[in-house]
Amino acid sequence: MIGFIDLDSFYVSAEIAKNPSLFGKPLIVSGGEGGKGVVLSASYDLKKLGIRAGMPTFKAKEIFPSPIILRPDFKFYEEISKKIKNLLLSYTPVVEQASIDEFYLSFEGCERLYKNDFFNVIFEIREEIKEKFKIPSSAGLSSTKCTSKILSKIAKPGGQIFVPAGKEKEFLTPFPVNLIPGVGRILKEKLKILGIEKIKDLQKCDLSILLSIFGKEGEEIYKKSLGIYEEPFHLEDIPKSIGKERTFFEGKIDLEEILKELFWLTEEVVFKMRTLSLSARKVEVKLKYGDFKVFSSSFTFKYPQNFYEIFQKKVKEIFLSLYKRRVRVRMVGVSLSNFEVSSGQKILEIFGKDEEPIQKTIDFLKKKYGVKLVSFGNL
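Model, not experiment: these values are computed from the prediction.

**Some details on the nonpolar core**
1) Next: Within the largest apolar cluster, 32 residues are counted, with the highest numbers of intra-cluster contacts made by Leu 88, Phe 107, Ile 125 and Ile 129.
2) Next: Element by element, the count of residues in this core is highest for helix H6 (residues 118-133), at six residues.
3) Next: Setting aside residues no more than four positions away along its own chain, Leu 88 makes contact with Val 95, Phe 103, Leu 105, Ile 125 and Ile 129.
4) Next: Core analysis: the second largest hydrophobic core is formed by 31 residues, Phe 248, Ile 258, Leu 259 and Phe 301 among them.

Laid out in structure tokens, this is it:
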């Protein structure tokens with residue numbers, strides 16, 4: 001059995017744990033000043049009104065004009081998250097942290113210890129989290145990671161759902177297809193064109209059609225709809241992604257200035273990756289305009305890469321392919337993913353066999369004097 005624990009409205013819940021007088025009040029944790037930021041977390045009374053994470057704060061205030069807006073305390077949130085993970089490890093040695101507020105737990109090998117009563121184990125875990133940290137949570141329990149995550153969404157707020165092995169397909173049929181992890185707004189609209197709005201519609205779809213239209217992604221969401229999508233546990237200290245964003249509260253329209261910011265963002269994420277002795281196959285660039293419309297695109301290398309100039313060139317290329325509107329840019333971001341532990345770099349021959357010592361020298365100087373002291377290439 002695999003459990004999934006999701007901490008409900010985590011940032012807001014953490015703020016209430018820190019200051020109990022906030023309980024029951026309309027709360028928003030926002031990353032910006034004066035309504036310029038975005039909603040990072042909202043209390044459930046505001047969620048019921050349609051306020052959600054990722055929404056511009058000024059839009060949230062149009063829905064509810066007088067919320068209590070709190071600035072995020074990320075250090076505090078991370079401390080609580082670490083303590084909760086340690087608590088989970090006291091129940092099972094196999095815990096994968098998916099994000100600051102999401103955890104997968106494998107109970108394989110714990111059958112005799114808990115007499116197969118994992119539903120009550122999950123309940124006990126949630127009660128202990130609430131008692132010790134004053135943080136409410138929701139949970140799912142099933143035979144796969146993906147299904148358990150879906151169940152936790154259905155159980156929100158403050159509930160838990162167990163579906164026995166073999167019953168996943170039947171249970172999931174009535175729910176909307178966007179509950180499936182990986183089905184975002186764009187994919188949801190594409191599926192809707194095909195007449196797929198519920199998970200049961202996806203279950204009935206011919207796999208060959210999904211493969212022809214969506215490729216491997218089509219097969220993945222099909223298996224997820226049936227509750228049979230298998231994913232391994234990732235227990236190494238290898239992050240799923242390394243990213244960095246830069247928000248311009250006044251907006252930028254000068255292309256050279258924007259490219260300069262992207263350059264240093266790329267330097268930062270590549271440096272962070274190299275300090276972990278990793279190489280990445282995938283690089284993604286995100287762009288948000290002043291009207292909050294967001295665009296992103298990615299590129300996957302044939303081999304994992306970890307040289308600064310390779311990512312600099314690719315990031316610039318991706319950004320220029322996205323930058324089609326000559327209006328103010330509010331945010332740019334760069335992220336790396338699909339990591340492998342570095343064990344020799346397969347790169348284009350033009351960089352030469354002596355390139356890695358140069359890269360390591362740059363790493364050394366950045367570590368000692370700061371990321372912006374030295375770079376490879378030009379602005």
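**So, the confidence of the model for the protein**
1) Next: Looking at the protein as a whole, the pLDDT averages 87, with 88% of positions reaching at least 70.
2) Next: Note that residues 343-354 has pLDDT below 50 and, in this model, 16 contacts with residues that lie over four places away or in other chains.

**Quick notes on the sheet that holds strand E8 (residues 160-162)**
1) Next: Strands sit in the order E5-E6-E1-E7-E8 across an open sheet of five strands; the sheet is mixed. Each edge of the sheet is formed by a strand with only one pairing partner; in this case those strands are strand E5 (95-99) and E8. Each strand axis lies, on average, 15° off the axis of its neighbour in the sheet, ignoring direction.
2) Next: Taken together, the three bridges between strand E7 (residues 137-142) and E8 define a ladder with parallel strand orientation. Of the residues in E8, the one forming a bridge with Gly 140 is Ile 161.
3) Next: Together, strand E1 (2-7), strand E6 (102-106), E7 and E8 form the strand contacts of H6, whose direction differs from that of E7 by roughly 160°.

**Examining the pattern of salt bridges**
1) Next: Taken as a whole and assessed by the stated rule, the structure comprises 16 salt bridges.
2) Next: Of the charged contacts, one joins Asp 6 and Lys 156 as a salt bridge, the two residues approaching to 3.5 Å between their closest N and O atoms. Of this pair, Asp 6 sits in strand E1 while Lys 156 sits in the loop between helix H7 (145-155) and E8, and the two are 150 residues apart along the sequence.
3) Next: Residue class for Asp 6 comes out buried when judged on its relative accessible area of 7%.
4) Next: Take Lys 156: its relative accessible area is 27%, and that puts it in the partly exposed class.
5) Next: Of the charged contacts, one joins Lys 223 and Glu 219 as a salt bridge, the two residues approaching to 3.4 Å between their closest N and O atoms. Within this pair, Lys 223 and its partner Glu 219 are both found in helix H12 (residues 216-226), separated by four residues, close to a single helical turn.

**Brief notes about the layout of surface pockets**
1) Next: Looking at the second largest pocket, its volume works out to about 490 Å³.
2) Next: Forming the boundary of the second largest pocket are 24 residues, of which Ser 13, Ile 16, Phe 23, Tyr 44 and Pro 136 lie nearest the centre.
3) Next: Secondary-structure elements contributing two or more residues to the lining of the second largest pocket are helix H1 (10-18), helix H2 (44-47) and H6.
4) Next: By residue number, the principal contributor to the lining of the second largest pocket is H1, which donates four residues.
5) Next: Of the residues contributing to the lining of the second largest pocket, the split by class is 11 nonpolar, six polar and seven charged.

**Describing the pairing of E6**
1) Next: Buried residues dominate E6, accounting for five of its five residues.
2) Next: Of the two faces of E6, both are covered, the one formed by Glu 102, Tyr 104 and Ser 106 as well as the one formed by Phe 103 and Leu 105.
3) Next: By the bridge criterion, four bridges tie E5 to E6 in an arrangement that is antiparallel. Following the sheet pairing, Ser 99 is matched in E6 by Glu 102.
4) Next: Between E5 and E6, which pair antiparallel in sequence order, lie two residues.

**Comments concerning the packing of aromatic side chains**
1) Next: All chains considered together, the criterion is met by 19 aromatic pairs.
2) Next: Here Phe 263 and Trp 264 contribute two aromatic rings whose centre-to-centre distance is 5.2 Å and whose plane-to-plane angle is 85°, an arrangement assigned as edge-to-face. You'll find Phe 263 and Trp 264 in the same group, each marked buried.
3) Next: Here a set of aromatic residues connected by ring pairs shows up, and it is made of Phe 10, Tyr 11, Phe 74, Phe 76 and Tyr 77.
4) Next: In this structure, Lys 252 is placed above the aromatic ring of Phe 248, and the distance from its NZ or CZ to the ring centre is 5.5 Å.
5) Next: Across from the ring centre of Tyr 289, 4.6 Å away, lies the NZ or CZ of Arg 325, which sits over that ring.

**Things to note about helix H14 (residues 308-322)**
1) Next: For H14, spanning 15 residues, the distance from its first C-alpha to its last is 21 Å, which sits close to the expected 21 Å at 1.5 Å a residue.
2) Next: Of the positions making up H14, those classed as buried are Tyr 308, Glu 309, Ile 310, Phe 311, Gln 312, Lys 314, Val 315, Ile 318, Phe 319 and Leu 322.

**Focus on a nonpolar patch on the surface**
1) Next: On the surface, a cluster of nonpolar side chains totalling about 250 Å² of accessible area is made up of Leu 194, Ile 209 and Ile 213.
2) Next: Along the polypeptide, Ile 209 turns up in helix H11 (residues 207-214).

**Here we look at the sheet that holds strand E4 (residues 68-70)**
Two modes of strand pairing occur in sheets, parallel and antiparallel, and in both the strands are linked by backbone hydrogen bonds.
1) Next: Spatially, three strands are ordered E3-E2-E4 in an open sheet, and the strand pairing comes out mixed. Of all strands in the sheet, those with a lone pairing partner are strand E3 (39-42) and E4, marking the two edges. Adjacent strand axes in the sheet meet at a mean angle of 30°, parallel and antiparallel pairs treated alike.
2) Next: Here strand E2 (residues 27-30) runs beside E3; their pairing, made up of three bridges, is antiparallel. Residue pairing across strands places Val 29 opposite Ser 41, the latter belonging to E3.

Basis of the calculations
Residues numbered from 1 in each chain as written. Predicted model: local features only at pLDDT ≥ 70, side-chain atom pairs only at ≥ 80, totals over all residues. Heavy atoms only, no water. Core = buried A, V, L, I, M, F, W, Y, C linked by side-chain atoms within 4.5 Å. Buried < 20%, exposed > 50% of the residue type's maximum accessible area, 1.4 Å probe, protein only. Helix = DSSP H or I, 4+ residues; strand = E, 2+ residues; numbered from the N terminus. Contact = heavy atoms within 4.5 Å. pLDDT = per-residue confidence, 0-100. Pairing = 2+ DSSP bridges. Axes fitted to C-alpha atoms, helices over the stretch in contact; angles between N-to-C directions. Salt bridge = Lys/Arg side-chain N within 4 Å of Asp/Glu carboxyl O. 1 Å grid on protein atoms, 1.4 Å probe; cavity = no way out; pocket = protein on both sides within 12 Å on 5 of 7 lines; lining within 4 Å. Points joined across faces, edges and corners; volume = space filled by probe spheres on them. Nonpolar A, V, L, I, M, F, W, Y, C, P; charged D, E, K, R; others polar. Phe/Tyr/Trp six-rings, centres within 6.5 Å; stacked < 30°, edge-to-face > 60°. Lys NZ or Arg CZ within 6 Å of the ring centre and 35° of its normal. Expected span 1.5 Å × (residues − 1). Patch = residues over 30% accessible without salt bridge, like charges linked within 9 Å, V, L, I, M, F, W, Y side chains within 5 Å. Areas by Shrake-Rupley, 256 points an atom, 1.4 Å probe, with all protein chains shown as cover.

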